[in-house]
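A structural walkthrough
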Amino acid sequence: MRTPILRLKRGREARARAHPWIFKGDVADVSGGAPGAAVTVVDAGNRFVGRGLYNPRPALCCRLLTWRDEPLDPAFFRRQIATALALPGRGPALSGAGRLVWSEADGLAGFVADRYGPILVIQCLTLGMAACRHELVPALRAGAGDLPVFSADEAAPARLEGFEPARGWFDRSGPARVIVEEATVRLGVTFGEGHKTGLYLDQRDNHIRLGALAHGRDVLDAFCYTAAFACHALVGGARRALCIESSPEAIAAARDNLTLNGVAERAEIVAANAFDELRRLERVGARFGVIVLDPPPFARGRQALEAAARGYKEINLRAMRLLEPGGLLATFSCSHHISAALFEEICRDAALDAGVRARVVETLTQSPDHPVLLTVPETRYLNGLLLEVVQPGPGG
Ligand code: SAH
């Protein structure tokens with residue numbers, strides 16, 4: 001077959017054989033590659049490296065989808081999706097909500113598919129994948145069931161890649177809202193609203209873990225989004241939960257979820273900047289038995305690392321001071337530039353400044369339907385620690 005050729009600079013092939021991302025700086029020349037189209041990637045000596053989708057606009061100009069000499073046709077997409085769906089917990093057996101296809105980690109860089117009960121939600125993150133949407137949807141349905149498909153493309157990647165983000169039903173429509181079960185908790189999802197494809201599916205196992213730890217405790221769910229952690233804690237027998245969130249839409253959805261689970265009367269939502277609210281709670285001498293810190297990524301790029309580290313340290317320090325003796329802190333970073341080791345170091349600094357001694361009960365990460373590829377370290381992005389305060393700080 002004849003596809004346009006992207007020739008790498010000398011010495012760039014070793015990385016390209018292991019990692020799907022090719023940057024403009026890696027490229028010697030491209031012959032005939034139309035934006036969004038498939039290209040054959042070759043090394044400086046014209047030896048085959050792989051095949052991917054090309055876009056001259058962003059710095060990350062090509063994402064490899066295969067390292068075999070095979071066409072990127074509908075049969076290819078069907079095979080990739082079938083492989084993705086064969087991961088335990090995915091496929092037609094999944095009845096609640098979960099990730100079915102996760103971009104680079106599933107060999108379909110730029111494409112995400114999730115299931116929410118009877119609905120499939122897809123997200124195209126690259127021009128190339130947006131152009132393949134009509135091949136991807138039938139392939140997805142072939143494996144996951146002939147369900148209504150909602151497109152939930154995000155504005156930022158679409159702008160970067162230069163395509164019109166699709167938001168709406170792909171063809172036939174489904175219900176505007178569904179309620180999905182996450183173990184013992186029910187969560188509402190309104191398609192086209194909220195973050196990601198609706199829920200933070202990457203936190204599902206941690207939601208459930210926390211629900212099992214919160215019995216009889218007062219819980220603080222900071223950066224609560226739609227209050228999934230608080231719902232799990234309260235259904236698990238927590239005494240009270242205080243939720244902090246700054247987005248009005250998320251707060252409305254959080255209220256709905258607390259009501260849906262019959263726990264609203266034990267919960268309070270504070271509409272505030274969590275940085276300010278944590279400081280205020282410390283001032284008034286509040287104490288909690290369990291605290292969750294699940295902020296948005298503070299470091300979107302390498303250059304923002306220092307400011308991000310300061311932000312993580314600040315909230316962790318405050319939270320540690322708010323914990324009662326024996327209290328638990330479930331703290332997360334979803335910035336992939338913050339490694340697990342760096343995150344632990346930041347938490348250690350916070351503990352030293354807060355004057356608390358804490359034990360690492362568990363390291364936490366993304367749910368297994370967000371698999372980590374050893375050769376693509378960016379696929380491990382959610383770093384968490386479950387800490388237990390063994391000796392409280394001043395005034396504790
Ligand atoms: N814990 C949630 C996901 C949290 S995502 C879950 O498991 O479902 C991070 C949330 O923090 C988003 O809802 C965002 O609106 C909120 N947020 C971002 N900056 C904030 C701030 N400074 N103060 C309070 N909330 C903030």
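Rules and cut-offs
Residues numbered from 1 in each chain as written. Predicted model: local features only at pLDDT ≥ 70, side-chain atom pairs only at ≥ 80, totals over all residues. Heavy atoms only, no water. Near = heavy atom within 4 Å. Polar contact = N/O pair within 3.5 Å; in protein donor to acceptor, adjacent residues only side chain to side chain. Nonpolar A, V, L, I, M, F, W, Y, C, P; charged D, E, K, R; others polar. Axes fitted to C-alpha atoms, helices over the stretch in contact; angles between N-to-C directions. Helix = DSSP H or I, 4+ residues; strand = E, 2+ residues; numbered from the N terminus. Parallel < 35°, antiparallel > 145°, perpendicular 65-115°, else oblique. Left-handed = near helix turned anticlockwise from the far one by under 90°. Contact = heavy atoms within 4.5 Å. Buried < 20%, exposed > 50% of the residue type's maximum accessible area, 1.4 Å probe, protein only. Pairing = 2+ DSSP bridges. Domains from an automatic or database assignment. Buried area = accessible area lost by both parts, 1.4 Å probe. Salt bridge = Lys/Arg side-chain N within 4 Å of Asp/Glu carboxyl O.

In the vicinity of the ligand there are 16 residues, among which His207, Glu245, Asn273, Ala274 and Asp294 approach most closely. For the ligand, a nitrogen atom lies 3.2 Å from a polar atom in the side chain of Ser246. At 2.8 Å, a backbone N or O of Ala274 approaches a nitrogen atom of the ligand. Its residues assigned to classes, the shell around the ligand shows eight nonpolar, six polar and two charged.

Before going further, it helps to spend a moment on the packing of helix H9 (residues 274–283) against helix H10 (residues 305–322). Between H9 and H10, whose axes approach to 9 Å, the crossing angle comes to 30°. If you check the angle between H9 and H10, you find them roughly parallel. With respect to the hand of their crossing, H9 and H10 are arranged in left-handed fashion. Across the interface between the two elements, Phe275, Leu278, Arg279, Leu281 and Glu282 from H9 touch Gly311, Glu314, Ile315, Arg318, Arg321 and Leu322 from H10. Taken together, the residues of the contact of H9 with H10 break down into five nonpolar, one polar and five charged.

With respect to the helices, strands and loops of the structure, Pro20 is situated in the loop between helix H1 (13–16) and strand E2 (21–23). With 47 residues separating them along the chain, Pro20 and Trp67 place their C-alpha atoms 9.2 Å apart. Ignoring sequence-local partners within four residues, the contact set of Pro20 consists of Cys62, Arg63, Leu64, Trp67, Glu104 and Val376.

Another point: the pairing of strand E10 (residues 149–152). Of the two faces of E10, the one carrying Val149 and Ser151 and the one carrying Phe150 and Ala152 are both buried. The pairing of strand E9 (residues 119–124) with E10 spans three bridges and is parallel. Counterpart to Ile122 in the pairing with E10 is Ser151. Direction of pairing for E10 relative to strand E11 (residues 167–169): antiparallel, over a ladder of three bridges.

The next thing to look at is the domain arrangement of the protein. Segmentation of the protein into domains returns domain 1 (5–66), domain 2 (74–175) and domain 3 (192–391). Each of domain 1 and domain 3 was reduced to a C-alpha centroid, and the two centroids are 39 Å apart. Taken together, the four residues of domain 1 in the interface contact four residues of domain 3. Summed over both sides, the interface of domain 1 with domain 3 buries roughly 310 Å², with 65% coming from carbon and sulfur.

This next bit is on the environment of Ala230. In this fold, Ala230 is placed in helix H7 (residues 228–235). A relative accessible area of 0% places Ala230 in the buried class. In the structure, Ala230 is positioned 61 residues away from Ile291 in sequence and 9.9 Å away in space, judged by C-alpha atoms. Beyond its immediate chain neighbours, meaning those up to four positions away, Ala230 contacts Asp221, Ala241, Cys243 and Leu258.

This next bit is on the pattern of salt bridges. Across all of its chains, the model carries 29 salt bridges by this definition. Of the charged contacts in the structure, one is a salt bridge between Arg79 and Glu70, with a shortest N-O distance of 2.8 Å. According to the relative accessible area criterion, Glu70 is buried, its value standing at 11%. The salt bridge partner of Arg209 is Glu362, with a shortest N-O separation of 2.4 Å. In this pair, Arg209 sits in helix H6 (residues 204–211) while Glu362 sits in strand E19 (residues 357–365), placing the two residues 153 residues apart along the sequence. Relative accessible area serves as the criterion here: at 29%, Arg209 is assigned to the partly exposed category. Each of the salt bridges in this network shares a partner with another, and the network as a whole consists of Asp276, Arg279, Glu282, Glu314, Arg318 and Arg321.

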